[in-house]
Amino acid sequence: MSPAALPDDIETLKRLVIGRDEMIAKLMAEIARLKRWRFGRSAERMDAALAQLQLLLGDLPAPAASELPVRETVPVEESTQSPPVQQRVTLRRVPRALPAHLPRETIVHTPASCNCPECGMQMRKLGEDISEMLDFVPGYFKVLRHVRPKFSCGHCAAIIQLPAPSRPIDRGLPAPGLLAQVIVSKYGDHCPLYRQQGIYRRSGVDLDRATLAEWVGSASRLLEPLVASLGRYVCAAEKLHADDTPVPVLDPGRGKTKTGRLWTYVRDDRPGASRDPPAVWYRYSPDRKSAHPQAHLRDFRGILQADAYSGFAPLYASGDIVEAACWAHARRKFYDLYVVDRSPIATEAIHRIGALYAIEREIRGRVPVQRAWVRQQRAGPLLDALHQWLSATLQTVSAKSELAGAIKYSLVRWSALTRYRDDGRIEIDNNSAERSIRPLVLGRRNYMFAGSDVGGERAANIYSLIGSALLNTMDPYLYLRHVLERIAEHRINRIDELLPWNVAATLPDEQRQAA
């Protein structure tokens, strides 16, 4: 703006300067937030202990010279006491007990001769020392040869032969173990198919990446009935956690990628002492339109814990789904400001919200009735005081500042944020859904994009089974191998028997434990 275009009125100039300052502060806060998301730590913790210690040390006055302790020196010839002898205790490290189910190869180190080297007499065994080392044998391939003998009757010329065993992929090469390994490596260990191709080539087996991709697609189609059963179980819950995350998807017609979405719906009531098995159900959509969560949750009736995404609003219109907001999102608004300039108001808000979380840590694992009673007695007064403080603070800050935006975020959603106080089934935040997003983010960092919308749907199906297996402390490889060995001939009306918690009940502990 040229000097001639500036107004001559002093008040107008003041407002102009203040507006510029607010805009600069807002942009600087946004830059700091983006830098923290890109380069900073993910934990949103305040170094409270260190800060408190520094405050205490800063308040202490420096001791005067006369107050300093004086060490009395005693001449050597006048000392009658011998210096104390310090006893050094050698601490031996307790050897780690290796799992009993691991195969063991015994190597006996026997002397070349059992005769005494001194007198030549035969020696007798006195005992033995045993030590164990942990070794690793790289994964190896093996070929399963299915031999089906034919038998003929010499009297009537009848021929008998057992039918060929079923395969996960009709007339396909991979056995269930190899197919489960490829799937878990890609979606559980985030190893793209081209890396797997190199790993298998080092073992002497050349598997083309296109072949591996076709195997994964065929397995996903085979597992669709099981994923649908998992979705019905998740939507039958009284409370769900929901969230979404972007995923780049190749768009061949445009020569670049587009942004698809992976939606997560988590059923996990273990913090409320529920014994229902936890589960996670992922869905893919090519965009973020509100029609997609409406379609996913068309059969759901209950409480939905989610963020402030406006696309969830139509779900709450009928009253069949009740909104429960997330205090972690509200706290994050203040934490971003605290990181930028250590704002006292943001610090106070974080401390007040932290007091609410302290109560939740104490009542985690109790039944909903007890949790609701404790929250009403202890968290209720804290919430009322927080609301009054936020409302009063909002009048003292600039309406266009980032701090005002953080306060308004909480006040506008106050009913949804405080609904957990009176309902013990509701959690204080939506962290269950955010934890389910982490594997998707790790996978997204290892592959550049999904090949198509079909690839996104395929990923959602397999992520659902792997995530649910991990929530039920099952090894996803052992679980998927178990399922792929049976699902081709399993009756569709009994598909629920292959859900992770039902499979876990049939396996020994050492075969179902997840890492």
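See the structure shown above.
Note that the coordinates shown come from a computational prediction; the quantities given were computed from them, not determined experimentally. (Residues numbered from 1 in each chain as written. Predicted model: local features only at pLDDT ≥ 70, side-chain atom pairs only at ≥ 80, totals over all residues. Heavy atoms only, no water.)

Caption draft 1: Structural context of the overall build of the protein. A count of helices and strands for the protein gives 17 helices and 7 strands. Of all 515 residues assigned to the protein, the portion counted as buried reaches 36%. For the protein, contacts bridging at least 24 residues in sequence account for 65% of all contacts bridging at least 6. When the accessible surface of the protein is split by element, carbon and sulfur atoms take 55% of a total near 33600 Å². (Helix = DSSP H or I, 4+ residues; strand = E, 2+ residues; numbered from the N terminus. Buried < 20%, exposed > 50% of the residue type's maximum accessible area, 1.4 Å probe, protein only. Contact = heavy atoms within 4.5 Å. Areas by Shrake-Rupley, 256 points an atom, 1.4 Å probe, with all protein chains shown as cover.)

Caption draft 2: Quick look at the nonpolar core. Counting residues in each nonpolar core, the largest one holds 69 residues, and the members touching the most others are L226, L304, F312, Y479 and L480. Top element by residues in this core is helix α5 (residues 209-235). It accounts for 11 residues. What L304 contacts, discounting residues up to four positions off in sequence, is L240, A242, L297, F312, L315, Y316, I321, V322, E323 and A324. (Core = buried A, V, L, I, M, F, W, Y, C linked by side-chain atoms within 4.5 Å.)

Caption draft 3: Structural view of the side chain of R261. Mapped onto the fold, R261 is located in strand β4 (residues 256-267). Ignoring anything within four residues of it in the chain, the contact list for R261 reads D244, T245, P246, V247, R283, Y284, S285, D287 and R288.

Caption draft 4: Region of the structure containing the packing of α5 against helix α14 (residues 453-471). Contact geometry of α5 with α14 gives a least axis separation of 8 Å together with a crossing angle of 60 degrees. Compared by their axis directions, α5 and α14 come out oblique. α5 and α14 meet at a crossing whose hand is left-handed. Contact residues: α5 offers A213, V216, G217, S220, L223, E224, L226, V227 and L230, while α14 offers R458, N461, I462, S464, L465 and S468. (Axes fitted to C-alpha atoms, helices over the stretch in contact; angles between N-to-C directions. Parallel < 35°, antiparallel > 145°, perpendicular 65-115°, else oblique. Left-handed = near helix turned anticlockwise from the far one by under 90°.)

Caption draft 5: Structural context of the sheet that holds strand β3 (residues 239-251). Here we have 5 strands laid out as an open sheet, ordered β5-β4-β3-β6-β7, and mixed in their pairing. Edge positions in the sheet fall to β5 (279-285) and β7 (321-324), since each of these pairs with one other strand and no more. Shown here is a sheet whose adjacent strand axes are inclined to one another by a mean of 30 degrees, direction ignored. Where strand β6 (residues 302-305) and β7 come together, 4 bridges link them in parallel fashion. Within β7, the residue paired with G302 across the bridge is I321. (Pairing = 2+ DSSP bridges.)

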